[in-house]
Amino acid sequence: TAGSGADRSGCETAVMAAPARDVPLEYVRLGLRFDRLESGFVDAYTGDPRVRAAVDSEPAPTPQGLRDQARTLLRELDSAGLPADRTDFLRGQLTGLECSARKLSGEPVGFADEVRSYFQVDAVLGDPAVYATAHEELDALLPGGGSLAERYAAHRRREECPPDRLEAAVHALSSALRDRTRGQYGLPELETVRYEVVTDKPWSGFNYYEGDYRSRVAINADLPHRLSQLPHLVAHESYPGHHTEHCRKELGLVGRADRVEHTVFLVNTPECLMAEGLADLGVEASVGEDWGPWAAEIVGDLGLRFDGHLAQRISAAAAPLNRVRQDAAVLLHDRGADADEVVAYLQRWSLVSEERARQQIRFLTHPLWRAYITTYVEGFDLLSRWLAARRADQSVADRFVRLLDEPLTPGALARELAVG
């Protein structure tokens with residue numbers, strides 16, 4: 001009879017169950033296959049080079065094939081015998097990959113569904129009344145003649161770092177932030193960051209993690225860099241942001257816990273929202289509220305000057321305007337607005353020039369990055385609320401280190417907030 005293990009002659013036969021697949025390793029292979037279809041999809045890979053070589057030698061993948069592989073791994077996940085946090089992390093990642101495969105195959109996917117599948121959050125439009133209040137606060141901080149946009153632009157120009165001093169300022173801030181990060185969170189002994197200046201990119205800075213605790217950070221010279229913004233850029237890309245997170249997860253989750261899924265970092269997945277949210281909290285988590293005077297002193301030693309106290313106040317007043325960037329993506333991809341309408345919207349509420357607005361449109365319309373702005377907007381919002389919800393006796397560092405070390409997901413943080 002079926003399942004009896006006996007043939008018709010009554011002699012027992014060996015019935016061998018198919019060995020269970022290594023779901024985490026298959027997930028890594030799947031992620032590497034995406035990079036063959038869309039260069040840049042793998043943001044970092046630090047695993048066994050033989051695995052990547054084997055994937056590269058396979059027949060060219062198809063979007064439909066990758067979609068089916070993602071769905072198969074999702075079905076196998078619950079029976080893979082993994083700890084709950086590993087299962088939760090992989091479910092989110094595979095859901096994002098399944099959606100990316102559908103997009104790549106030409107299947108219609110609404111922008112709201114795309115964002116939710118990638119990042120486990122909803123892309124919510126901001127409130128123009130909140131933006132108007134931010135404008136009023138900025139208006140009070142920037143007295144003088146001319147429109148607010150003109151005065152804001154003039155203030156930002158006064159803070160610009162001379163291009164020939166950019167590298168020196170970045171290295172000074174990086175060294176100071178590295179010391180603070182090492183003291184607060186710890187860093188592998190041999191970690192290092194190498195900086196380079198690039199052009200013709202849709203972003204202001206980018207971390208290329210190379211493994212073995214090494215990063216290359218590219219800074220886009222096409223955009224002016226303000227002295228008050230540089231601490232945030234360096235903290236975001238390096239200490240205690242992307243570089244620090246990669247180092248600590250390579251040391252802990254990969255090196256000690258043998259979680260192979262963390263050897264690959266894939267765009268348009270929940271881990272991106274977590275990474276960008278924690279990186280945007282870098283200055284708060286390493287320096288604290290009085291970052292302005294601290295940064296002014298660091299660059300002041302180089303003969304560069306800006307008003308740190310005023311920079312803090314303007315940054316706080318302008319913070320609600322960060323959401324305007326996501327509004328632009330929603331208007332473009334969900335509400336059917338054309339590029340010129342969205343440029344005007346960005347100029348009105350973000351108080352940026354037409355040139356800067358069109359640079360933002362370039363990022364928002366890039367096939368790979370069009371939904372990515374949500375990682376900054378909703379990521380910062382979610383992680384800020386989670387960080388602020390710590391116990392009264394818990395320090396920022398004790399809470400923030402969980403983001404650096406644990407395979408947390410946006411859904412997990414939302415559940416923690418829901419239960420207090």
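Bear in mind the structure is a predicted one, so any value in this text is a computation, not a measurement. (Residues numbered from 1 in each chain as written. Predicted model: local features only at pLDDT ≥ 70, side-chain atom pairs only at ≥ 80, totals over all residues. Heavy atoms only, no water.)

(A) Expanded view of the packing of helix α1 (residues 23–37) against helix α4 (residues 84–104). Running from N to C, α1 and α4 point in directions that differ by 25°, and their axes come no closer than 11 Å. When the interaxial angle is binned, α1 and α4 end up roughly parallel. Judged by the sense of rotation from one axis to the other, the crossing of α1 with α4 is left-handed. Across the interface between the two elements, P24, Y27, L30, F34 and L37 from α1 touch R86, L90, Q93, L94, L97, S100, A101 and L104 from α4. Classifying every residue of the contact of α1 with α4 by side-chain character gives ten nonpolar, two polar and one charged. (Axes fitted to C-alpha atoms, helices over the stretch in contact; angles between N-to-C directions. Helix = DSSP H or I, 4+ residues; strand = E, 2+ residues; numbered from the N terminus. Parallel < 35°, antiparallel > 145°, perpendicular 65-115°, else oblique. Left-handed = near helix turned anticlockwise from the far one by under 90°. Contact = heavy atoms within 4.5 Å. Nonpolar A, V, L, I, M, F, W, Y, C, P; charged D, E, K, R; others polar.)

(B) Representation of the packing of helix α8 (residues 166–184) against helix α9 (residues 230–237) in the model. It is at 9 Å that the axes of α8 and α9 come closest, and there the two elements cross at 60°. Comparing the axis directions of α8 and α9 gives the class oblique. Taken as a pair, α8 and α9 cross one another with a handedness that is right-handed. Residues L166, A169, V170, L173, S174 and L177 of α8 lie in contact with α9, whose contacting residues are L230, P231, V234 and A235. Grouping the amino acids of the contact of α8 with α9 by side-chain chemistry returns nine nonpolar, one polar and no charged.

(C) Region of interest: the sheet that holds strand β4 (residues 214–220). Across the sheet, three strands lie side by side as β2-β4-β3; this open sheet has mixed pairing. Taken across any chain shown, the strands that pair with only one partner, and hence form the sheet edges, are β2 (192–198) and β3 (205–211). For this sheet, the mean inter-axis angle between neighbouring strands, taken without regard to orientation, is 20°. Sheet analysis places β2 next to β4, joined by seven bridges and oriented parallel. The partner of V198 across the bridge, within β4, is N220. Packing against the sheet, α9 makes contact with β2, β3 and β4, and its axis sits at approximately 25° to β3. Together, β2, β3 and β4 form the strand contacts of helix α10 (residues 242–256), whose direction differs from that of β3 by roughly 20°. (Pairing = 2+ DSSP bridges.)

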